[in-house]
Each structure stands twice: as structure tokens, then as C-alpha cells.
Amino acid sequence: EAGVAQSPRYKIIEKRQSVAFWCNPISGHATLYWYQQILGQGPKLLIQFQNNGVVDDSQLPKDRFSAERLKGVDSTLKIQPAKLEDSAVYLCASSWVAGGFDNEQFFGPGTRLTVL
Amino acid sequence: QKEVEQNSGPLSVPEGAIASLNCTYSDRGSQSFFWYRQYSGKSPELIMSIYSNGDKEDGRFTAQLNKASQYVSLLIRDSQPSDSATYLCAPLRVGRLYFGRGTQLTVWP
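The paragraphs below set out a description of the structure included in this document. (Residues numbered from 1 in each chain as written. Chains lettered and ligands numbered in written order. Predicted model: local features only at pLDDT ≥ 70, side-chain atom pairs only at ≥ 80, totals over all residues. Heavy atoms only, no water.)

**Observations concerning the overall build of chain A**
No. 1: For chain A, the helix and strand inventory stands at zero helices and eleven strands.
No. 2: Secondary structure of chain A in N-to-C order comes out as β-β-β-β-β-β-β-β-β-β-β.
No. 3: In terms of C-alpha radius of gyration, chain A reaches 13 Å, essentially the compact-globule figure of 13 Å for 116 residues.
No. 4: Projected onto its principal axes, the C-alpha coordinates of chain A cover approximately 40 × 25 × 25 Å. (Helix = DSSP H or I, 4+ residues; strand = E, 2+ residues; numbered from the N terminus. Rg over C-alpha atoms; globule rule 2.2 N^0.38 Å.)

**Comments concerning the interface of chain A and chain B**
No. 1: The partner chain B presents 19 residues to the 25 residues of chain A that form the contact.
No. 2: When chain A packs against chain B, the two sides together hide about 1700 Å² of surface, and 53% of this comes from carbon and sulfur.
No. 3: For the pair chain A and chain B, the interface holds one salt bridge.
No. 4: The closest approach of N and O atoms between Arg96 of chain B and Asp56 of chain A, which form a salt bridge, is 3.3 Å.
No. 5: Put simply, chain A and chain B have five residue pairs in polar contact (both at pLDDT 80 or more) between them.
No. 6: The leading source of residues in the side of chain A that touches chain B is strand β4 (residues 31-37) of chain A, at three residues.
No. 7: Broken down by class, the residue content of the side of chain A that touches chain B amounts to nine nonpolar, twelve polar and four charged. (Contact = heavy atoms within 4.5 Å. Buried area = accessible area lost by both parts, 1.4 Å probe. Salt bridge = Lys/Arg side-chain N within 4 Å of Asp/Glu carboxyl O. Polar contact = N/O pair within 3.5 Å; in protein donor to acceptor, adjacent residues only side chain to side chain. Nonpolar A, V, L, I, M, F, W, Y, C, P; charged D, E, K, R; others polar.)

**A look at the sheet that holds strand β1 (residues 5-7) of chain A**
Residue and element names in this part refer to chain A.
No. 1: Pairing is antiparallel across the open sheet formed by four strands, whose spatial order is β1-β3-β8-β7. Each edge of the open sheet carries a strand with a single partner, namely β1 and β7 (65-68). Across the sheet, the mean angle separating the axes of adjacent strands is 15° when strand polarity is ignored.
No. 2: Bridge count between β1 and strand β3 (residues 19-24): three bridges; the pairing is antiparallel. (Pairing = 2+ DSSP bridges. Axes fitted to C-alpha atoms, helices over the stretch in contact; angles between N-to-C directions.)

**Examining the pattern of salt bridges**
No. 1: Applying the stated criterion across every chain, the model contains eight salt bridges over all chains.
No. 2: Arg64 of chain A is the salt-bridge partner of Asp86 of chain A, the closest N and O atoms lying 2.5 Å from each other. One end of the pair, Asp86 of chain A, is in the loop between β8 (75-79) and β9 (88-95); the other, Arg64 of chain A, is in the loop between β6 (53-56) and β7, with 22 residues separating them in the sequence. With respect to class, Asp86 of chain A is no different from Arg64 of chain A; both count as buried.
No. 3: Among the ionic pairs, Arg77 of chain B bridges to Glu57 of chain B, the shortest N-O distance being 3.5 Å. Residue Arg77 of chain B is located in the loop between β8 (71-76) and β9 (85-93), and its partner Glu57 of chain B is located in strand β6 (residues 54-58); the two are separated by 20 residues in the primary sequence. (Buried < 20%, exposed > 50% of the residue type's maximum accessible area, 1.4 Å probe, protein only.)

**As for the environment of Leu113 of chain A**
Residues and elements named next belong to chain A.
No. 1: Residue placement: Leu113 occurs in strand β11 (residues 111-115).
No. 2: For Leu113, a relative accessible area of 2% corresponds to the buried category.
No. 3: Note: C-alpha distance between Leu113 and Lys11 (102 residues apart in sequence) is 4.9 Å.
No. 4: Leaving out residues up to four positions away in the same chain, Leu113 has contacts with Lys11, Ile13, Val19, Phe21, Ile79, Asp86, Ser87, Ala88 and Tyr90.

**A few points about the state of the cysteines**
Residue and element names in this part refer to chain A.
No. 1: The tally for this structure, following the rule as stated, stands at two disulfides over all chains.
No. 2: Here Cys23 engages in a disulfide with Cys92; their sulfurs sit 1.9 Å apart. Across the S-S bond of Cys23 and Cys92 the torsion is about -70°, and the bridge reads as left-handed. Of this pair, Cys23 sits in strand β3 while Cys92 is found in strand β9, placing the two residues 69 residues apart along the sequence. (Disulfide = S-S within 2.5 Å.)

**Overview of the pairing of strand β3 (residues 19-25) of chain B**
Residue and element names in this part refer to chain B.
No. 1: With burial as the criterion, only one face of β3 is covered, namely that bearing Ala19, Leu21, Cys23 and Tyr25; the residues Ser20, Asn22 and Thr24 on the opposite face remain uncovered.
No. 2: With three bridges joining them, strand β1 (residues 4-6) and β3 adopt antiparallel strand pairing. Within β3, the position partnered with Gln6 by the bridge is Cys23.
No. 3: Strand direction decides the pairing type here: β3 and β8, joined by six bridges, are antiparallel. Bridge assignment links Cys23 to a residue of β8, and that residue is Val72.

Remember that the coordinates give geometry; whether it matters functionally is a separate question.
Here is the structure:
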């Protein structure tokens, strides 16, 4: 079974530029998550999709971050314009459905973003 | 008070010893609890989940949950150098995981 795919793996940009990340979840997984992990901290949920609908985006800085999951499969996360504090690893995860007691989330390799 | 607190670490144990990783959580609505392992530069991978009070064993790993005390722990028996990683505690509430900062474990030969 193929895992969660993400690209690019690394990205370096200057502040105020824009950047986009792509995620392809495990086939058949209805739920997709984007997390931000700052060095030395645990992952923080940015947005959760169930199929192509948003379940939770309460932690997404909507003035600069946007995400979409067209057709309920692939997803993109965009930052525009980037700030220095956006430097982090952006992790995509997927699971069968949300809410189950033992609902395992499978993580992709992440995209390491450096904002200069 | 933080949502999830873990031993500050880093934790260092010799090979073959028992490593004990602790986690407390603030929200009694948390339904189940997940332990993820994260090697440096890698993404988190699930080790164990637990949702009933008591112990749950899987090989060298034992998760313990006490909902009254809002406490969950992970014991690693016969620790190996390959267990050296950061361990993340993550309670699940309303379909969402809340991750702690993690505890860095080093197992030295």
C-alpha cells in the first residue's frame, strides 16, 4: 500500500513570497489533515477535510493560508504572503474516517519550509 | 495550563533498561490516546493507541491510561538504541488529535 505523498520535500523562499504544498493521501482515505510542526514542538492541526469538505479550520491563519481538496483526493496548502514565523515542517496525514476511537492517522514525509 | 504536557526530557537510559514516558492532558472529553514516535527529520509514526483505563501491551511497549487522573504513559521495556527518538502523546477529542511537545529519548549502548 502506497503511503501519503507530499511535494516538494524542501522549499526556501523569502518573506512575502508565496508557496504551495501538495499532498496525495492513501487511496480510499476520506479524511485528510494538514499540520504545522515548528522545531521543538508537536504537530499543530491547521485544517481537516472529510472528503472535499472542511471539518475543522479553526487553527488556520486565514489571512495568509488557504487549502483546498478538490474531488476529495489530492490537496494543496498555500501560504501567501509568507512570514518568517511560517518556517516549519508541513505535514499531511490521512485516515479512513475521523472520529473513531482507534482511527490511525498516517503521515507523509513532510515539506520543510524555510522563510528568509 | 497546556492541553497536553509531557516529561520535559531529554530522557537518557542505557540499553536494556525500561524507559518511562509520561503525559497529562487537561480535557476530560478526550476519548482515546495515541503515542507516536518521530525520528529526527522524519514524520510521526503510530506506536500504540489506548482508550480504556488500564494497561495495553504490544511487544516491548505498554501503554497505561488513568482517565480519573488524566494521565497516560508509555513504557518501553528492554530499550534499544533504535528506540532513540521523540515520543509524542496525542489525545483524541471530537475527531482531532492534540499533540504534546514530545519527549526526546536517547538509549545509549
